[in-house]
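Residue-level structure breakdown
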Amino acid sequence: MIGDVDISGVFLPTLLVLMGITYVLFLLVHGLLMRLHFYRLVWHRALFNVALYALLLGAVDSLSRYLMT
(Lines give C-alpha, C1' and ligand atoms only; values in the text may rest on other atoms or scores of the structure.)
Protein backbone atom coordinates (compact mmCIF):
# COMPACT_ATOMS: atom_id res chain seq x y z
CA MET A 1 0.00 0.00 0.00
CA ILE A 2 3.04 2.21 -0.21
CA GLY A 3 3.24 4.47 -3.22
CA ASP A 4 0.95 6.04 -5.73
CA VAL A 5 -0.97 4.78 -8.73
CA ASP A 6 -0.44 6.69 -11.98
CA ILE A 7 -3.63 7.03 -14.03
CA SER A 8 -2.99 9.13 -17.16
CA GLY A 9 -0.52 11.35 -15.35
CA VAL A 10 -2.69 11.76 -12.25
CA PHE A 11 -1.15 10.25 -9.14
CA LEU A 12 -3.66 8.73 -6.74
CA PRO A 13 -2.89 7.24 -3.34
CA THR A 14 -3.01 3.47 -3.38
CA LEU A 15 -5.52 3.41 -0.52
CA LEU A 16 -7.94 5.56 -2.53
CA VAL A 17 -7.80 3.14 -5.46
CA LEU A 18 -8.30 0.16 -3.14
CA MET A 19 -11.25 1.89 -1.48
CA GLY A 20 -12.87 2.42 -4.89
CA ILE A 21 -12.43 -1.25 -5.79
CA THR A 22 -13.80 -2.24 -2.39
CA TYR A 23 -16.85 -0.01 -2.83
CA VAL A 24 -17.78 -1.74 -6.10
CA LEU A 25 -17.27 -5.13 -4.45
CA PHE A 26 -19.35 -3.97 -1.46
CA LEU A 27 -22.23 -2.98 -3.75
CA LEU A 28 -22.21 -6.44 -5.31
CA VAL A 29 -22.18 -8.23 -1.94
CA HIS A 30 -24.80 -5.85 -0.52
CA GLY A 31 -27.09 -6.52 -3.48
CA LEU A 32 -26.67 -10.26 -3.02
CA LEU A 33 -27.45 -10.02 0.69
CA MET A 34 -30.54 -7.93 -0.07
CA ARG A 35 -31.81 -10.54 -2.54
CA LEU A 36 -31.26 -13.30 0.01
CA HIS A 37 -33.14 -11.29 2.68
CA PHE A 38 -30.12 -11.64 4.95
CA TYR A 39 -30.69 -8.24 6.54
CA ARG A 40 -33.72 -9.60 8.41
CA LEU A 41 -31.22 -11.38 10.65
CA VAL A 42 -29.06 -8.29 11.25
CA TRP A 43 -29.68 -6.21 14.34
CA HIS A 44 -28.07 -2.94 13.19
CA ARG A 45 -27.84 -2.67 9.42
CA ALA A 46 -25.59 0.40 9.24
CA LEU A 47 -23.09 -1.06 11.69
CA PHE A 48 -23.09 -4.33 9.77
CA ASN A 49 -22.45 -2.48 6.50
CA VAL A 50 -19.49 -0.59 7.97
CA ALA A 51 -18.03 -3.82 9.32
CA LEU A 52 -18.59 -5.57 5.99
CA TYR A 53 -16.84 -2.74 4.13
CA ALA A 54 -13.91 -2.86 6.56
CA LEU A 55 -13.57 -6.62 6.11
CA LEU A 56 -13.70 -6.32 2.34
CA LEU A 57 -11.14 -3.51 2.38
CA GLY A 58 -8.79 -5.67 4.42
CA ALA A 59 -9.28 -8.56 2.01
CA VAL A 60 -8.67 -6.38 -1.06
CA ASP A 61 -5.56 -4.88 0.56
CA SER A 62 -4.20 -8.32 1.45
CA LEU A 63 -4.92 -9.61 -2.03
CA SER A 64 -3.22 -6.61 -3.67
CA ARG A 65 -0.13 -7.08 -1.48
CA TYR A 66 -0.06 -10.78 -2.35
CA LEU A 67 -0.34 -10.10 -6.09
CA MET A 68 2.34 -7.37 -6.03
CA THR A 69 5.04 -9.68 -4.64
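As the structure is a prediction and not an experimental result, all values here were calculated from the model. (Residues numbered from 1 in each chain as written. Predicted model: local features only at pLDDT ≥ 70, side-chain atom pairs only at ≥ 80, totals over all residues. Heavy atoms only, no water.)

**Considering helix α1 (residues 14-35)**
End to end, α1 covers 32 Å across 22 residues, agreeing with the expected 32 Å (1.5 Å per residue, within 8%). Of the residues making up α1, those classed as buried are Thr14, Leu18, Thr22, Phe26 and Leu33. One side of α1 holds all its buried residues, which, seen down the axis, span an arc of 90°. Facing away from the buried surface of α1 by more than 90 degrees, the exposed residues are Val24, Leu28 and Arg35. Looking at the buried residues of α1, the elements they touch are β1 (4-7), β2 (10-13) and α2 (45-68). Positive backbone phi, approximately 55°, marks His37, located one or two places after α1. (Helix = DSSP H or I, 4+ residues; strand = E, 2+ residues; numbered from the N terminus. Expected span 1.5 Å × (residues − 1). Buried < 20%, exposed > 50% of the residue type's maximum accessible area, 1.4 Å probe, protein only. Arc of directions from axis to C-beta. Contact = heavy atoms within 4.5 Å.)

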